[in-house]
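Per-entry structural report
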Amino acid sequence: MTLGSAFQENAAKIFGFIYAKVGNRAVAEDLTSQVFLKAVRWLAEDRSADSIRSWLYTTARTAIADYWREQSTRLQAPLADFEELLFHGSDGPAESRRTREWARRVLAALPDREGEVLRLRFLKGYSAAEVGQALGLTAGNVRVIQVRALRRAAAMGLGPVIDGGSSGEGTEAHDEQ
Amino acid sequence: MSNDHDPAAPDPQPPPSLEDVVQLDSFLDALQGERRPERRDLDDEELRERLIAAQLRMAADGVEHPTPAFLASLEQTIGQEVARQGRPRRRPLSRLSFLRAAATFAGGAGIGVAGVEGIAALRDESRPRDLVVAGNDRWYAVAQADEVAPGGAKSFTAGGVMGFLLNDSGRLRAVSAICTHMGCRLKPDQAAGELHCLCHGSRFNRRGDVLSGMAPSPLPEIAIRMEGGLVYALGTKETV
């Protein structure tokens, strides 16, 4: 398979995969470019479509993990549960969809006020001040609530949220898109 | 919504510091603005919050689709990178095959989607990989932007690449000036708006398509760009 057709087939999906894990366009563009430029070197030899795809996802995954490690300027051992908080499973192509399902479950599972704040922030794109106006709170209140909400969500982890019980491992069974 | 149960964890939580609160808010603002968040001195907890926040953006539909402009520019970058890295290894090139390859590369790289495909096609054939003489491409100023009138043609040399800059009803394009039949230099026939080969009579239109004669393929296009009132063509560092 050629780099050209590999690009056409995978570029938008790899971008989506990365976006799902970094949450903004600028970084997703940086990392997507990084992955494909590495691919240029790697693709000096001919590879099958499957092996290209799996290489792209593996490389994207590493780029994402490195990005997050570098987000803190503090020199420290990385989070022990780092990968568990970042990836639902090892299957790249299905990861964006899983992240979306997970995100919606989390927003629905949070206690009322916290859920409401994050829904306005993430689904409507409101600023803290705008969320405050909508809910009759001060912007300061909203900022505190969103920290609490995110901590609670982090404590839930990436496993199934509402339908409870099983741990994150079970998500591996999802079929590919 | 369905919040009878509280599925997780430490409640009451320790209250977040004012600094955490403000910094996390500006992190969320960066995500919403699709900007790179600033790096900070974060502890594990703060990093966790951000990992989670980033992924919660996926709750909204369609946020993860790349812009066409980004994809087009990345594809072009990759095309350049492929050419830069693929060094000639096996044998020295004939002038003709080199020019053809260089011009094919140049045409591809300048045209978005065609970019990587053009190169990929080259790499797939048995010999051409060593045709892409790389690390040598560079832009050459070849004309003033308004120098070539509609219907007109100007010959140029961009390092080792010889081409014609053509004005096709107001649209500038550049094609190789070398006949694809035996490698003779083409001449413009201004009256007919064509390029023709003095060696064996092949004729090409101003898009490089073969009109008549023995030429087996169209003229490769050469990438051009405009900047500061000048037209630049993508050529190679030196004559081979």
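Residues numbered from 1 in each chain as written. Chains lettered and ligands numbered in written order. Predicted model: local features only at pLDDT ≥ 70, side-chain atom pairs only at ≥ 80, totals over all residues.

Within the element layout of this structure, V144 of chain A appears in helix α7 (residues 139-156). Sequence-wise, V144 of chain A and A128 of chain A are 16 residues apart; in three dimensions their C-alpha atoms are separated by 9.9 Å. (Helix = DSSP H or I, 4+ residues; strand = E, 2+ residues; numbered from the N terminus.)

Bringing the interface of chain A and chain B into the picture now. Facing 68 residues of chain A, the contacting portion of chain B comprises 60 residues. Listed by contribution, the elements that provide at least two residues to the side of chain A that touches chain B are α1 (3-22), α2 (25-42), α3 (49-71), α4 (95-109), α5 (112-122) and α7 of chain A. Residues belonging to the side of chain A that touches chain B are distributed by class as follows: 36 nonpolar, 18 polar and 14 charged. (Contact = placed C-beta atoms within 7 Å. Nonpolar A, V, L, I, M, F, W, Y, C, P; charged D, E, K, R; others polar.)

With that settled, the discussion passes to the packing of α2 of chain A against α3 of chain A. Residue and element names in this part refer to chain A. Contact pair α2 / α3: the axes reach a minimum separation of 10 Å and the direction vectors enclose 135 degrees. In terms of orientation, α2 lies oblique with respect to α3. For the element pair α2 and α3, the recorded crossing hand is right-handed. In contact with V27, L31, Q34, V35, K38, A39 and W42 of α2, α3 contributes W55, L56, T59, A60, A63, I64 and Y67. Each residue belonging to the contact of α2 with α3 can be placed in one class, and the counts come to 11 nonpolar, 2 polar and 1 charged. (Axes fitted to C-alpha atoms, helices over the stretch in contact; angles between N-to-C directions. Parallel < 35°, antiparallel > 145°, perpendicular 65-115°, else oblique. Left-handed = near helix turned anticlockwise from the far one by under 90°.)

A few words on the sheet that holds strand β10 (residues 224-227) of chain B. Residues and elements named next belong to chain B. Reading across the sheet, the 3 strands line up as β1-β11-β10 and stay open at both edges, with antiparallel pairing between neighbours. Sheet topology places β1 (137-144) and β10 at the edges, where each strand pairs with a single neighbour. Direction aside, the axes of adjacent strands within the sheet are offset by 35 degrees on average. When β1 meets strand β11 (residues 230-236), the two strands line up antiparallel, connected through 7 bridges. (Pairing = 2+ DSSP bridges.)

With respect to the secondary-structure elements, D46 of chain A resides in the loop between α2 and α3. Separated by 43 residues in the primary sequence, D46 of chain A and L3 of chain A place their C-alpha atoms 9.2 Å from one another.

What follows deals with the confidence of the model for chain B. Residue and element names in this part refer to chain B. Chain-level statistics for chain B give a pLDDT mean of 74 and a share of 72% at 70 or above. Of all helices and strands in chain B, the one with the weakest mean pLDDT is helix α5 (residues 114-124) (38), whereas helix α1 (residues 18-32) scores best (93). Throughout residues 1-10 the model reports pLDDT below 50, and contacts reaching past four residues in sequence, or to other chains, amount to 19 contacts. (pLDDT = per-residue confidence, 0-100.)

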